[in-house]
Amino acid sequence: MANITKKVSWSSRADESGAAGEETALLNGSELSRHLAKESQRGKPKEIPHNEKLLSLKYESLDYDNIENQLFLEEERRMSYMSFRCLEISRWVVCGLIGFLTGLIACFIDIVVEELAGIKYQVVKENIDKFTEVGGLSISLILWAVLNSVFVMLGSIIVAFFEPIAAGSGIPQIKCYLNGVKIPRVVRLKTLLVKVCGVICSVVGGLAVGKEGPMIHSGAVVAAGVSQGRSTSLKKDFKMFEYFRRDTEKRDFVSAGAAAGVSAAFGAPVEEGASFWNQMLTWRIFFASMISTFTLNFFLSIYNNNPGDLSNPGLINFGRFESESVAYNLYEIPLFIAMGAIGGLLGALFNILNYWLTIFRIRYVHRPCLQVMEAMLVAAVTATVSFTMIYFSNDCQPLGSEHSEEYPLQLFCADGEYNSMATAFFNTPERSVRSLFHNQPRTYNPLTLGLFTLTYFFLACWTYGLAVSAGVFIPSLLIGAAWGRLCGILLASITSTGSIWADPGKYALIGAAAQLGDYHFYQYMKPLYSHNTEVFPGGIVRMTLSLTVIMVEATGNVTYGLPIMLVLMTAKIVGDYFVEGLYDIHIKLQSVPFLHGEAPGTSHWLTAREVMSSPVTCLNRIEKVGTIVDTLSNTSTNHNGFPVVVQVTGGDEPAKLCGLILRSQLIVLLKHKVFVELARSRLTQRKLQLKDFRDAYPRFPPIQSIHVSQDERECMMDLTEFMNPTPYTVPQLFRALGLRHLVVVDDENRVVGLVTRKDLARYHLGKHGLEELQLAQT
């Protein structure tokens, strides 16, 4: 069924394992039903027009709440104190493995990118040097464009045709996953392989992208796989960590993997778990981040022929700022704030342009072949624009012994000089940022920086959203560093003493922070961890304060902590006035049911009755197998949880709630033929255990694959043992949850007790603690 969900989704096509009914987009039940009814009368359903208010049925929620049914409680009672301690040790072991493997992946990406990019730029440089003297530089242009297009074509093909969910940095997808949305295929092994190979091809292909963002997605995939002790893609079960095969545990490990990815990319493990309420989870996340950083540094030190040097801050290293060059005065604070406002405006412009470009792609560039062609076009245009600007630039700088350019191009400059424009374009983005931060004053002229900023801004905007694996952190940082250095040069030219206080590298650092804003990943987890404090996001992606930590650790200087924070706050205020952050925009375009950490300001008067869905499909505690199969097969009511009720004697009163059971549980019960009649006739071989549910997790078979004969449809199924007998319930007039007083009621809703903080503390003290407390009081 062709519809907007298929076209808007990250994968740009329907999930292979999804049913047709799961691909329908909806605004609300009644409006969707009317739309589909009209279209079905006309024949083949047409595409639903794009609307940001549409929600996709393709995305479902994760099961955060433990299913405390009889099987679960029996298993917990059998576990001793030592068993719980072993489980805690296993969690630490898993986090260590996550950090180690994530660090290895980051090291692999970094080494391969450096080697391939070095070969490409060396070949193009030699070709340009050759044809500069004899003429025919058009051959060099064609060579550069072809090399870029070939690499990008390979990276785009594996993404568009083999695993579309691997496109982009993956941060919006992981943000949604940690928000509670089950994104199809987001943490598969195939996704990881395509992500790693794709980001290598994208960076080597010369696109305006970075390799740091995808490390977050890679770490999350590693965590999801390692924590389960098996690979469903390879059909290999190591019989390890079976207890962790549920969404509650898997989510925590994915957060640790994402933190390890941040740490490997930016070398900032200290702050990653600092705002979580769960102390043990905080320390495990910190441990995974520390192991990831250590692993990356250890292997990179061996690669750089300096074994034992663990001072590498991560995949990005901007070099150390000397204290004298980064000193700032009080009168510069207003200038920094003004630069923050400029960063907010440019970030808002970037997001708006990318939004409309994404809408265009949704409507016209949704086929895989078109996506590959667009990626190749962008690669060729990037090479052509870069070559053209280098060719027409007359910004020649002396080539001294201390130059930091990796591939200096002489082109039409005199002997002993190099083309300054080539330093910005003819290099990897990370090296270009480093040159803007640390090159000596008068290395760039204002016209060079202005043209580079304008050109690279639109190239980065066009590139983000292609069917390639790539991040937006480094391109945004490079844009900000370029116009920041330009501001420093202009300020230095105003006064005779400007060259003393307006160091270009210093203002490049401030501009970089203003353009990007905070790249911290864990603001995405705020809906899960309510005590996470969001502070001063800014720029394009607008996240939390840890860009300060990232910039400090990447530059090796803490002097600019305060100015960077002021810049972030200003960029956040200015940017939010116009548009949302870049990732939030793309999440909304994907029609994902994302829940923000705070409710809208006008929603405080709402009650549960005004937002609930009704009528509700319920199941009896002892239900007919045929009814269960029909309910699960009904695509119009594709629910994943069903209230379990028991009919009250008399028949006129509504059924009484006695529990909740999930679609996945019912499928496992049907698969194992857990029927009352078979149990009575002793035809079942053994009693169903939690292991059977964990073995089926997370790829539960679809209901269409479960064969139920006509005789079995007449059997009954007792759901008592498998349902959750204590689901969360609220009255119709429910508006908020205050946990200072928790009223306890019985089955008839009669008050039997009240739980307060002191009751919980009293239970925590235990019997002996209470006796000692009473003795002390007397």
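Source: prediction; values computed, not measured.

Undergrad: Please explain the environment of glycine 416 as it appears in this structure.
TA: Mapped onto the elements of the fold, glycine 416 is located in the loop between β7 (396–398) and β8 (417–419). Taking the C-alpha atoms as reference points, glycine 416 and glutamine 397, 19 residues apart in sequence, are found 8.6 Å from one another.

Undergrad: Please clarify how the confidence of the model for the protein should be interpreted in this entry.
TA: Interpretation of this model should avoid reading the predicted coordinates in detail wherever pLDDT is low. Residues of the protein with pLDDT of at least 70 account for 77%, and the chain-wide mean is 78. Scored below 50 in pLDDT, residues 1–50 shows 99 contacts in the model against residues more than four places distant or in partner chains. Between residues 518–544, whose pLDDT stays under 50, and residues either more than four places distant or in other chains, the model counts 126 contacts.

Undergrad: Sorry if this is basic, but what is going on with the packing of aromatic side chains here?
TA: The relative placement of two aromatic rings is captured by the distance of their centres and the angle of their planes. All chains considered together, the criterion is met by 20 aromatic pairs. A ring pair is formed by tryptophan 144 and phenylalanine 387, whose centres lie 6.4 Å apart and whose planes are at 80°; its orientation type is edge-to-face. Placement of the pair is tryptophan 144 in helix α5 (residues 137–162) and phenylalanine 387 in helix α12 (residues 368–392), with a sequence separation of 243 residues. Note on tryptophan 144: relative accessible area 2%, which makes it buried. With 6.3 Å between their ring centres and 70° between their planes, tyrosine 697 and phenylalanine 700 make a pair best called edge-to-face. The exposure class assigned to tyrosine 697 is buried, which follows from its relative accessible area of 7%. Of note, lysine 120 hangs over the ring of tyrosine 121, and the distance from its end group to the ring centre comes to 4.4 Å. The ring of tyrosine 243 carries arginine 246 above its face, with NZ or CZ at 4.6 Å from the centroid.

Undergrad: What exactly am I supposed to notice about a nonpolar patch on the surface here?
TA: A cluster of nonpolar side chains, contributed by Leu345, Ile352, Trp356, Tyr577 and Phe578, occupies part of the molecular surface with about 620 Å² of accessible area. At the level of secondary structure, the elements contributing two or more residues to the nonpolar patch comprise α11 (333–364) and α20 (561–578). Here the element with the most residues in the nonpolar patch is α11; it accounts for three residues. With respect to the helices, strands and loops of the structure, leucine 345 is situated in helix α11.

Undergrad: I tried to follow the sheet that holds strand β12 (residues 656–662) on my own but got confused; where do I start?
TA: Whenever strands of a sheet pair, they do so through backbone hydrogen bonds, lying parallel or antiparallel. Pairing is mixed across the open sheet formed by three strands, whose spatial order is β9-β11-β12. Each edge of the open sheet carries a strand with a single partner, namely β9 (619–620) and β12. The pairing of strand β11 (residues 641–646) with β12 spans six bridges and is antiparallel. Looking at β12, one finds that valine 646 is bridged to lysine 656.

The rules we used
Residues numbered from 1 in each chain as written. Predicted model: local features only at pLDDT ≥ 70, side-chain atom pairs only at ≥ 80, totals over all residues. Heavy atoms only, no water. Helix = DSSP H or I, 4+ residues; strand = E, 2+ residues; numbered from the N terminus. pLDDT = per-residue confidence, 0-100. Contact = heavy atoms within 4.5 Å. Phe/Tyr/Trp six-rings, centres within 6.5 Å; stacked < 30°, edge-to-face > 60°. Buried < 20%, exposed > 50% of the residue type's maximum accessible area, 1.4 Å probe, protein only. Lys NZ or Arg CZ within 6 Å of the ring centre and 35° of its normal. Patch = residues over 30% accessible without salt bridge, like charges linked within 9 Å, V, L, I, M, F, W, Y side chains within 5 Å. Areas by Shrake-Rupley, 256 points an atom, 1.4 Å probe, with all protein chains shown as cover. Salt bridge = Lys/Arg side-chain N within 4 Å of Asp/Glu carboxyl O. Pairing = 2+ DSSP bridges.

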